[in-house]
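Coordinates in review
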Amino acid sequence: MTATRSREGGAAFACVIVLVALNLRAFLTSSSPLLEPIRLATGIGFHAVALLTVLPMFAMGAMSLFGSAVGQRIGARGGIALGLGAIALACASRYVAGGAAALLWSAALAGAGVGLVQALMPGVVKQAYPARIGVMTGLYSAAIMGGGGLGAMASPWVAHVLGGAQADWHAGLAMWAVLATVALLSWLGLRRAVPGATTAATPAPRQNLSWQRCFRSPRAWLLAVCFGLINGGYTSLVAWLPHFYAQQGWTAQEGGSVLALMTAAQVIAALAMPALARSRGRDLRPWLALTLVAQLAGFAALTFDLPVPPAGVAIVLGFGLGGAFALCMVLALDHLPDPAQAGALAGFMQGVGFMIAALAPFVTGWVREQTGGFTMAWAYLATVVVVLLPLMLRFDPLRYAAATAGLFDSKRTAVATVRPVLDNARKV
C-alpha cells in the first residue's frame, strides 16, 4: 500500500458514504409515480403537486448554504447525522400524513436534511480520498442517482402490493424512513472505530469556510447557475415524466419504471464519466459537452415526438443528467486545493443551484398548463441546454487559480470540520 493510499479512507467508509447518498433522492422520486392516488386522497391541486418537488429542492439549496456553518459548530459527523435524522423523521411522518399540508411539510423537512448532508459530504470525500477524488465523487453521485431510481421503482410497487385507497401510498412514501435510519446508525457507528473520538469539530476560521464570500465571486456564481440549470432538467423530469406517460394511459408502475430506468442510466454515467474524464487529464469541458449533447438529444426526441422508444429516451437523458451532475461536483472541488475551502465552494454551488433548479418544475408545469401538453415544456428544457453549452467552455483548468483568487485566505487552512471524519475513516 502506498503512502497516499494509507492516508485515505478505507473501503468500509466508502460503503457508508454510498449508504448515506442513497437517501438523498429516494424521498423525492417516490412521490412522482404516485401522484394520482395522492391527489385523489388528499385533494391536492395540480399546481400544488409541483411543490412536492419544488419545496424540497428549495430547502436543499437554502440548507446547503448554511451547512458549512452547522459543520463548524457540531462537526461534519454531527451535521450529516442531523441531516439523516431529518430525512428519517420526514419520511416516517408520511405514514400518518392526512392531507396536503403534512405532505408538503415532510417534503421541506426532508429537503433541508438532504441539503445539510450535501453541504458537508463533498468536503469529507475530498479530504478522505485526495488521490481518488474523481472515482469517489463519481461513486457518491452514482449512489445519489441510484437512490432516486429506487424511489421511483420501489414506492409504487410497495403501494400496489399493499393495496388500499390510502394505505398504499402512505407506506410507499414512508418506507424510506427505514433506509435513512439504517444509514444514520451506520454513520454514527463509525465512531466506534476510534474510541474517544469527538463528534464536534474544533472551530475553524470562519472567514475560510463562510459561503458568504462566494457571493462576490463571478466564478462561484457561474458554477451555481450552470449546476442549477442542469438540475432543472432533472427536477422537471422527476416531477412530470411519469405524469406525461400517465396521460398516455400508462400505469403508475410503468411510469415509475421509466423514471427508474433514467436514474439507472444516471448511476452508470455518474460512475463512469468522472473516472474517464480524470484519466484523460483535468480538463472536464469535452466531457461536460458530451453530457449536454446527450440531454439535448433526449429533450429533442420528446419535443418532436421522434420514433424513439421511451426506454431509449430515458437512457439518453439519464446518461446526460447523471454525467453532468457528477462532473459538476468534480469541477467545483477541482477549483481549490484545500478540502474545506473546496467543500464551501461546492456548498455554495449546490445551495444557489438547487434553488434555481427548484423553479424549473414550476416553469415547465406552467407551460404545460398554458399549452395543454408537455411539448413546449420539453422544448424549453432543450433551449436551456443550448444556453449551457457555451457557458461550459469557460471552465478552463488553467484558469481555476485566477478565477478563485481572493475567494479564500490561502495562507490559512480550514480542515477541522472534516478532519474528525477522516480520522475515523482511516480506522475503518
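Residue positions are given per chain, counted from 1 along the sequence in the order it is written. Residue-level local features of this predicted model are given only where pLDDT is at least 70; pairs of side-chain atoms are given and counted only at 80 or more, and the full residue set underlies all totals for whole chains, interfaces and linings. Only hydrogens and water are set aside; all other atoms, that is, all heavy atoms of the structure, feed into the side-chain values.

1. Structural notes on the overall build of the chain
- Secondary structure follows DSSP: runs of H or I at least 4 residues long count as helices, runs of E at least 2 residues long count as strands, and numbering of each begins at the N terminus. When its secondary structure is counted, the chain shows 19 helices and zero strands.
- Burial statistics for the chain: of 428 residues in total, 60% are counted as buried.
- Sequence-distant contacts, at least 24 apart, represent 87% of the contacts inside the chain between residues at least 6 apart. When accessible area is computed with a 1.4 Å probe and restricted to protein chains, residues below 20% of their type maximum are described as buried, those above 50% as exposed, and intermediate ones as partly exposed. We call two residues contacting when some pair of their heavy atoms lies within 4.5 Å.

2. With respect to helix α13 (residues 252–279)
- Here the expected length of a helix is defined as 1.5 Å per residue gap, with one fewer gap than residues. Compared with an ideal rise of 1.5 Å per residue, which puts 28 residues at 40 Å, α13 spans 41 Å between its outermost C-alpha atoms and is within 8% of the ideal.
- Count one or two residues on from α13 and you reach G281, which has phi positive near 125 degrees.

3. A look at the nonpolar core
- Membership of the largest hydrophobic core comes to 129 residues, with the highest contact counts inside it found for I80, M121, W187 and M262.
- Among the elements that take part in this core, helix α12 (residues 218–246) stands out by supplying 15 residues, more than any other.
- Residues within four places of M121 in sequence aside, it is in contact with I17, V20, I80, Y140 and W187. We define a nonpolar core as any set of buried Ala, Val, Leu, Ile, Met, Phe, Trp, Tyr and Cys residues linked to one another through side-chain atoms lying within 4.5 Å.

4. Focus on α12
- The end-to-end C-alpha separation of α12 is 42 Å, in line with the 42 Å expected for 29 residues at 1.5 Å each.
- At W240, α12 shows its maximal kink, close to 40 degrees; a proline, P242, follows between one and four residues later.
- Most of α12 sits inside the fold, with 24 of its 29 residues counted as buried. Bend, at a single residue, is the angle you get between axes fitted to the 7 residues ending at that residue and the 7 residues starting at it.

5. As for unusual backbone geometry
- If you check the backbone angles, D305 has positive phi at about 50 degrees while not being a glycine.
- Mapped onto the elements, D305 comes out in the loop between α14 (285–303) and α15 (310–334).

6. Comments concerning the confidence of the model for the chain
- For every residue, the predictor reports its confidence as pLDDT, a number between 0 and 100. When the pLDDT values of the chain are averaged, the result is 83; 86% of them are 70 or greater.
- Predicted confidence is poor over residues 1–7, with pLDDT under 50, and the contacts of this stretch with residues over four places away or in other chains come to six contacts.
- Segment residues 410–422: pLDDT under 50, and 47 contacts once partners within four positions in sequence are set aside and those in other chains are kept.

7. A word on empty space enclosed by the protein
- Cavities and pockets were defined on a 1 Å grid built over protein atoms only: a cavity is a set of grid points that admits a 1.4 Å probe from which the probe cannot escape, a pocket is an open set flanked by protein on both sides within 12 Å along at least five of seven lines, and lining residues are those with an atom within 4 Å of any such point. Grid points are joined across faces, edges and corners, and a volume is the space filled by probe spheres set on the points. Under the defined criterion, the tally for this structure stands at five cavities of 30 Å³ or more.
- Considering only enclosed or pocket space, the second largest cavity measures out at about 50 Å³ in volume.
- Considering the residues around the second largest cavity, the lining is formed by S31, S32, L35, V49, A50, L52, T53, V238, A239 and W240.
- Of all the elements in the fold, those that place two or more residues in the lining of the second largest cavity are α6 (51–93) and α12.
- It is α12 that contributes the most residues to the lining of the second largest cavity, three residues altogether.
- Side-chain classes follow a simple rule in which Ala, Val, Leu, Ile, Met, Phe, Trp, Tyr, Cys and Pro form the nonpolar group, Asp, Glu, Lys and Arg form the charged group, and the remainder, Gly included, forms the polar group. For the lining of the second largest cavity, a count of residues per class yields seven nonpolar, three polar and no charged.

8. Comments concerning the environment of L393
- In this structure, L393 sits in the loop between α17 (375–392) and α18 (400–403).
- Taking C-alpha positions, L393 is 9.0 Å from L288, a pair spaced 105 residues apart along the chain.

9. A few points about the state of the cysteines
- Throughout, a disulfide means two cysteine sulfur atoms within 2.5 Å of one another. Per the stated rule, a full pass over the model turns up zero disulfides.
- Residue C328 stays outside any disulfide, its sulfur separated by 6.9 Å from that of C226, the closest cysteine.

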